[in-house]
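Observations on chain architecture
So you can see what is in the structure, the chains are spelled out below.
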Amino acid sequence: IVLNEDFGYLFAVNAGSKNEPCILKQRYVPKTTRQRRVKKIILIGKGVLFDTGGHDLKGADGYNNMHYDMAGAATVCAIPFLAQKFNLPVEIVTLTPIVENMIGKNATLPGSIIQAYGGMTVNVVNTDSEGRLILAEMIAYAEKNNPDAVITVGTLGDMTDFAPDMLKVGTYGKGTVRKTLRARKLSAEKMLLLPPIEDFNNVDEEHIGTHSDIVNDMRQYHSAPFVFLFNFFKTEMPWFFIDNSALFENDAHDYGAGPGFGVKFIWEIVRQYA
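**A word on unusual backbone geometry**
Located in the positive-phi region is Asn146, a residue other than glycine, with phi close to 50 degrees. Mapping Asn146 onto the fold places it in the loop between helix H3 (131-143) and strand E7 (149-154). Its relative accessible area of 61% is what places Asn146 among the exposed residues. Of note in the backbone geometry, Ala188 takes a positive phi value of approximately 60 degrees without being a glycine. Secondary-structure assignment places Ala188 in the loop between helix H4 (176-187) and strand E9 (190-193).

**Re the confidence of the model for the chain**
Mean pLDDT for the chain: 89, with 93% of residues reaching 70 or above. Looking across the chain, the model is least confident in strand E10 (residues 214-216), with a mean pLDDT of 89, and most confident in strand E2 (residues 40-45), with 98.

**What to know about the pattern of salt bridges**
Tallied over the entire structure, the rule returns nine salt bridges. Between Glu91 and Arg27 there is a salt bridge; the shortest N-O distance is 2.9 Å. On the criterion of sequence distance, the pair formed by Glu91 in strand E4 (residues 91-101) and Arg27 in strand E1 (residues 22-28) is long-range, its members being 64 residues apart. Given a relative accessible area of 14%, Glu91 falls into the buried group. As a salt-bridge pair, Lys190 and Asp165 come within 3.0 Å of each other at their nearest N and O atoms. Within this pair, whereas Lys190 is found in strand E9, its partner Asp165 is found in the loop between E7 and strand E8 (166-172), the two being separated by 25 residues in sequence. On the accessibility criterion, Asp165 (14% relative accessible area) is buried. Members of the salt-bridge network, linked through shared partners, are Lys46, Asp69 and Glu130.

**Section: the nonpolar core**
Ranked by size, the top nonpolar core spans 42 residues in total, and within it Tyr9, Ile44, Leu95, Val122, Phe228, Leu229 and Trp239 carry the most contacts. Those elements that place two or more of their residues in this core are helix H1 (8-14), E2, E4, strand E6 (121-124), H3, helix H5 (224-230) and strand E11 (239-243). Counting residues per element, this core draws most heavily on H3, which supplies nine residues. When near neighbours in sequence (up to four residues on either side) are disregarded, Ile44 contacts Val76, Leu95, Leu135, Met138, Ile139, Ala142, Val150, Ile151, Thr152 and Val153.

**Focus: helix H6 (residues 263-271)**
For H6, the tally of buried residues reaches seven of nine residues, placing the bulk of the element in the interior. Within the span of H6, buried status applies to Val263, Phe265, Ile266, Trp267, Glu268, Ile269 and Val270.

**Points about the side chain of Asp243**
Looking at the secondary structure, you find Asp243 in strand E11. Polar side-chain contacts of Asp243 include one of 3.3 Å to the backbone nitrogen of Leu156. In this structure Asp243 touches Gly154, Thr155, Leu156, Gly157, Leu167 and Lys168, once residues within four positions along its chain are discounted.

**Points about the packing of H4 against H6**
Packed helices, taken two at a time, are described by their axes: the angle between them and the distance between them. The N-to-C vectors of H4 and H6 enclose an angle of 130 degrees; their axes lie 8 Å apart at closest approach. One element, H4, and the other, H6, form an angle in the oblique class. Our pair here, H4 against H6, has a crossing hand that is right-handed. Listed contacts from H6 to Lys179, Thr180, Ala183, Arg184, Leu186 and Ser187 of H4 are Lys264, Phe265, Glu268, Ile269 and Arg271. Residue composition of the contact of H4 with H6, grouped by class: four nonpolar, two polar and five charged.

Definitions and cut-offs
Residues numbered from 1 in each chain as written. Predicted model: local features only at pLDDT ≥ 70, side-chain atom pairs only at ≥ 80, totals over all residues. Heavy atoms only, no water. Helix = DSSP H or I, 4+ residues; strand = E, 2+ residues; numbered from the N terminus. Buried < 20%, exposed > 50% of the residue type's maximum accessible area, 1.4 Å probe, protein only. pLDDT = per-residue confidence, 0-100. Salt bridge = Lys/Arg side-chain N within 4 Å of Asp/Glu carboxyl O. Core = buried A, V, L, I, M, F, W, Y, C linked by side-chain atoms within 4.5 Å. Contact = heavy atoms within 4.5 Å. Polar contact = N/O pair within 3.5 Å; in protein donor to acceptor, adjacent residues only side chain to side chain. Axes fitted to C-alpha atoms, helices over the stretch in contact; angles between N-to-C directions. Parallel < 35°, antiparallel > 145°, perpendicular 65-115°, else oblique. Left-handed = near helix turned anticlockwise from the far one by under 90°. Nonpolar A, V, L, I, M, F, W, Y, C, P; charged D, E, K, R; others polar.

Given below as structure tokens:
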């Protein structure tokens, strides 16, 4: 995808890097003669190659496995290859924004107001909440392609002492919980299902900005990425929010959790749209 100034969030997150940002797009179109309509699923994966935290630096203790901040992108990029191997009758599009969140003379300052693809403005209160920004921009882009469902995958929330082999999952839309629980059973991957988005009551209002449409900060940290991203959907459609931050745990490797963590679980969700 050719980037232009419309992708304000991507450029803002990547502003401190010497490398240009990009969006990798993959598309799988099945070969099928069946009469029933083929459904289209868009998978969006967070591709932060390294996250310093920007001007809100993580500090010396905050960089363990931080090169894994591209794990969402690595995970979703595997799905079209599986679909091709098994000739899955589902159209699959993956969107992986690739950036580096670095410090430097051009890095975005805390308090900056940035306009995203689609027009939503955000007050960047905390530059270490960058993942939700690039995923939000891709949601706005994806909606224009009229998918039957959207799946977002990224290392977004605090999973400290939670479990190194467990996904955090939120859903929205009819049938998504049922598909999620079935995918857990079929994939044998562990997951925590977040409450429905409606149950967060007024938490959503805490993201409303005074000088911008929305604010990204660290408040309500464990649920904030889920609630924040929901604001970027302009139409109602099935959405699966998947947070694979558990792979940052020190003992994650002992459980086989790496940049492809969650592939089996996501594959079992996608298969249900066949």
